[in-house]
Amino acid sequence: MPPSPAQRFPLGSLIVIAAVLGGSAAAFAYTAGWLSPERLSRERVLAGLSPPGGPAPGRRRNHVRGICFTGSFEANGAGAALSRARVLAAGSYPVIGRFNLSGADLAEPDAKARVRGLSLRIAAPDGSEWRTAMITAPVFPVATPEAFYALLQASASREPGAMAGFAAAHPEIAAFGAWARSAPWTGSYAEERYNGLNAFIFTDASGGEHVVRWSMRPEAQPVPVPPEQLAGRAPDFLDEEVKARLAAGPLRWTMEVMVAEPGDPVADPSKAWPEGRRRIDVGTLTVQAIQAEPDGPCRDINYDPTVLPEGMRVSADPFPAARSSAYALSYERRAAEAAQYPRTAAGGRP
Amino acid sequence: MSGARFSPLQRLLHWAMAVCILAMLFIGVGMVSTISARTLPLVSIHKPLGIAILVLALLRLGLRLRRGAPPLPADLPEPMRLAAHLSHIVLYALMIAMPLLGWAMLSAEGYPIQLSPGLRLPPILPQDTGLYALLRQAHGLLGYAFFAVILAHLGAALFHGLVRRDGVFGAMAPVPDRALN
Ligand code: HEM
Ligand code: HEM
Ligand code: HEM
């Protein structure tokens, strides 16, 4: 190729170059979602979760109130029939967990949170981890992450009939509503059953696959307390109660894994699986010590439900992916604001 | 001037990595743009492919330092010469920094760095939220900078090939030597 001094203005070539660069930039912007404001981004989901006064800086964008604990998970080995995960082989594995309450409003008293949560990070000696965040409701209110966003919007809306309209469009919410109205409240994190709700695939040693959900069954006997009575207790009575209870001895739950059968609604956490499904008790969670969140070990953990050991993976259920994405942005934001949530604040409540 | 070219191995690496890096940038911005179930497969490509780029980039840097590069055309104006050298240094730096930042930020988060079901990388930093916040921001911002530099690089390459026709394009073009003569 001889160097050709530009005899004429190379308009055609410059247009080609501009088109290639412009096209590449447009493709990039499209992929990033900058040209599609209607795409359900995690930024929009976090905005939907935010309380009217904005999120509490440095803290989780949902389930904002909580308390850390440490303990262990003793696998009894029965889970090995379902999954070859190291944490289900008989043995004892350290746990960093968090008792928590649904909602993003830091000022709300404990007695108002209908849904309570339990988050676990179980660590195996091979470096693998099992992270899970479970709630007391036996079913999720809605069937898809998109519907969850619509629910957030409807419940924040001031328009009369917004919620009624939502319920008409999403009849699956009735099962959750029935639980919320009729299930007894208790006065303790320790008396609750926590459900993972999302379905995952377990792979056993011979390669067999099982679609499962899991729950934690409390050892403590639930004592129903009317919500009016709870409303009269201290705003943080759940934290105080669990500390006092732990002083009298460790708290325990049995982990129960339920196995789906063909045809069960595995992709829809708003639907319970039919009675009579195989249930296997795979081990015991023992809670040994409680720590306030500002200085506690759970503070900086992202309980991303897609952090799974080998032998477990996500299923057709779309929630774990959506949660992973939203939790990552929540984590990124609270990490960037960490200075506004000082470590030495005793108790961590305003 | 159908002069000296990069060695076939250098050209192979350049083009294989060009495809991988562009894919990484699109996967990166795509996977953080939505809560749809597509994110998880994208994330599980992003991590191993990013580490593969790190390995290839180090190999390539070694090759570049030993083999050198064909000289730029003698009549190339000094500012363009400088821009070429600087942008190539920036490209090398980003190819190495981006995967290291990805690895380091997950380490500082205390998040398992899973490349495939059986393969996990050890953390290269202790858990530290403040450090995580910085590294996460750097990984995002430098990702956009990387794309901008690549656009400029692509524009410059096309400018050499279509307007100046000075053999710079040919030195890296993904075609065998005989195709240029
Ligand atoms: C698309 C649906 C969902 C969205 C957008 C969402 C959003 C969030 C966000 C942003 C956080 C804070 C995460 C952090 O900063 O670490 C969170 C925490 C939590 N979520 Fe969800 N969530 C969803 C579904 C669920 C489901 C199905 C469950 C229960 C089965 C659940 C249970 C929890 C629990 C227990 C926590 C507290 C985690 C912790 O202790 O760090 N969430 N959620
Ligand atoms: C669109 C995609 C492209 C990408 C992502 C890309 C990426 C890169 C990167 C990362 C480098 C630095 C590493 C290296 O030197 O090998 C580089 C250098 C280089 N590229 Fe590209 N490139 C692209 C297109 C082109 C084109 C179309 C040409 C011309 C045919 C070209 C020619 C060169 C040259 C001459 C170097 C300098 C190499 C050196 O000095 O070591 N590139 N490119
Ligand atoms: C050449 C290498 C790489 C490039 C070009 C690249 C590029 C990107 C880009 C553009 C983003 C989106 C950033 C944003 O919008 O904030 C991103 C996010 C991310 N990258 Fe990379 N990356 C590379 C390597 C890696 C590696 C090796 C890892 C981990 C081992 C990694 C882990 C991540 C993670 C975890 C995210 C954020 C996900 C989230 O926030 O949910 N990256 N990357």
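Residues numbered from 1 in each chain as written. Chains lettered and ligands numbered in written order. Predicted model: local features only at pLDDT ≥ 70, side-chain atom pairs only at ≥ 80, totals over all residues. Heavy atoms only, no water.

Residue and element names in this part refer to chain B. Interaxial distance between helix 3 (residues 78–109) and helix 4 (residues 129–164) falls to 8 Å at its minimum, and their mutual angle equals 150°. As summarised for this structure, helix 3 and helix 4 are arranged roughly antiparallel, according to the angle between their axes. The chirality of how helix 3 crosses helix 4 is left-handed. For the contact of helix 3 with helix 4, the per-class residue count stands at 19 nonpolar, seven polar and three charged. (Axes fitted to C-alpha atoms, helices over the stretch in contact; angles between N-to-C directions. Helix = DSSP H or I, 4+ residues; strand = E, 2+ residues; numbered from the N terminus. Parallel < 35°, antiparallel > 145°, perpendicular 65-115°, else oblique. Left-handed = near helix turned anticlockwise from the far one by under 90°. Nonpolar A, V, L, I, M, F, W, Y, C, P; charged D, E, K, R; others polar.)

All names here are of chain B. According to UniProt, the positions carrying the feature "transmembrane region" (unreviewed entry) are residues 12–33, 45–63, 84–106 and 141–163. Between the end C-alpha atoms of residues 12–33 there is a gap of 32 Å, over a span that is 91% helix and 0% strand. As annotated, residues 84–106 comprises 100% helix and 0% strand, and the C-alpha atoms at either end are separated by 33 Å. (UniProt positions renumbered as here; feature names shortened; annotations may be inferred.)

The subject of this paragraph is the confidence of the model for chain A. Counting all residues, the mean pLDDT for chain A is 95, and 96% of those residues have values of 70 or more. Low pLDDT (under 50) marks residues 346–350 of chain A, which in the prediction has ten contacts with non-local residues, meaning those over four places away or in another chain. (pLDDT = per-residue confidence, 0-100. Contact = heavy atoms within 4.5 Å.)

Interface extent is often summarised as the accessible area lost during association of the parts. At the interface, 48 residues of chain A touch 37 residues of chain B. When chain A packs against chain B, close to 3,700 Å² is buried across both sides, 65% of that on carbon and sulfur atoms. Counting the contacts that link chain A with chain B gives one salt bridge. A salt bridge links glutamate 332 of chain A to arginine 136 of chain B, with the shortest nitrogen-to-oxygen separation between them at 3.3 Å. The interface formed by chain A and chain B holds ten residue pairs in polar contact (both at pLDDT 80 or more) in total. Looking at the side of chain A that touches chain B, the element that brings in the most residues is helix 1 (residues 11–31) of chain A, giving eleven residues. Its residues placed into classes, the side of chain A that touches chain B shows 25 nonpolar, twelve polar and eleven charged. (Buried area = accessible area lost by both parts, 1.4 Å probe. Salt bridge = Lys/Arg side-chain N within 4 Å of Asp/Glu carboxyl O. Polar contact = N/O pair within 3.5 Å; in protein donor to acceptor, adjacent residues only side chain to side chain.)

Listing the buried residues of helix 2 (residues 42–49) of chain A in full gives Arg42, Val45, Leu46 and Leu49 of chain A. One face of helix 2 of chain A carries all of its buried residues, which in axial projection span an arc of 95°. The elements touched by buried residues of helix 2 of chain A are helix 3 (145–156) and helix 8 (319–336) of chain A together with helix 4 of chain B. (Buried < 20%, exposed > 50% of the residue type's maximum accessible area, 1.4 Å probe, protein only. Arc of directions from axis to C-beta.)

Attention now goes to the coordination of the iron atom of ligand 2. Residue and element names in this part refer to chain B. The iron atom of ligand 2 binds to the protein through His14 (NE2) and His153 (NE2); the donor distances cover 2.0 Å. Metal-centred angles of 87 to 180° between the six donor atoms at the iron atom of ligand 2 mark the site as octahedral. Highlighted residues: histidine 14 in helix 1 (residues 8–31) and histidine 153 in helix 4, separated in sequence by 139 residues. (Donors = N, O, S within 2.8 Å, 3.2 Å for Na, K, Ca; no water. Tetrahedral: all angles 85-135°; square planar, octahedral: opposite > 155°, others 65-115°.)

Glancing now at the state of the cysteines. Residues and elements named next belong to chain A. In total, this model carries one disulfide over all chains according to the counting rule given. Bridging cysteine 68 to cysteine 298, the disulfide has an S-S length of 2.0 Å. Residues cysteine 68 and cysteine 298 share a disulfide whose torsion about the S-S bond is about -75°; that sign makes it left-handed. With a gap of 230 residues between them, cysteine 68 in strand 1 (residues 65–75) and cysteine 298 in the loop between strand 9 (279–291) and strand 10 (312–314) connect regions that are remote in the sequence. By relative accessible area, cysteine 68 is classed as buried at 0%. Taking relative accessible area as the criterion, cysteine 298 reaches 0% and is therefore assigned buried. (Disulfide = S-S within 2.5 Å.)

Moving on, we get to the site of ligand 2. Residue and element names in this part refer to chain B. Around ligand 2, the structure places 17 residues, and the nearest of them are His14, Arg60, Arg64, Tyr92 and His153. Contact distances for ligand 2 include 2.9 Å between an oxygen atom and a side-chain N or O atom of tyrosine 92. Measuring from a nitrogen atom of ligand 2, one finds a side-chain N or O atom of histidine 153 at 2.7 Å. Every element with two or more residues in the shell around ligand 2 is listed here: helix 1, helix 2 (39–67), helix 3, helix 4 and helix 5 (168–172). (Near = heavy atom within 4 Å.)

Coordination of the iron atom of ligand 1 by the protein comes from a single atom, Tyr327 of chain A (OH), at 2.2 Å. Structurally, the position occupied by tyrosine 327 of chain A is in helix 8.

Take the site of ligand 3 next. Close to ligand 3 lie 24 residues; Arg42 of chain A together with His46, Arg136, His139 and Tyr144 of chain B are nearest. Per-site note: the chains with residues close to ligand 3 are chains A and B. With respect to ligand 3, the side chain of histidine 46 of chain B contributes an N or O atom lying 2.8 Å from a nitrogen atom. Within the side chain of histidine 139 of chain B, an N or O atom sits 2.8 Å from a nitrogen atom of ligand 3.

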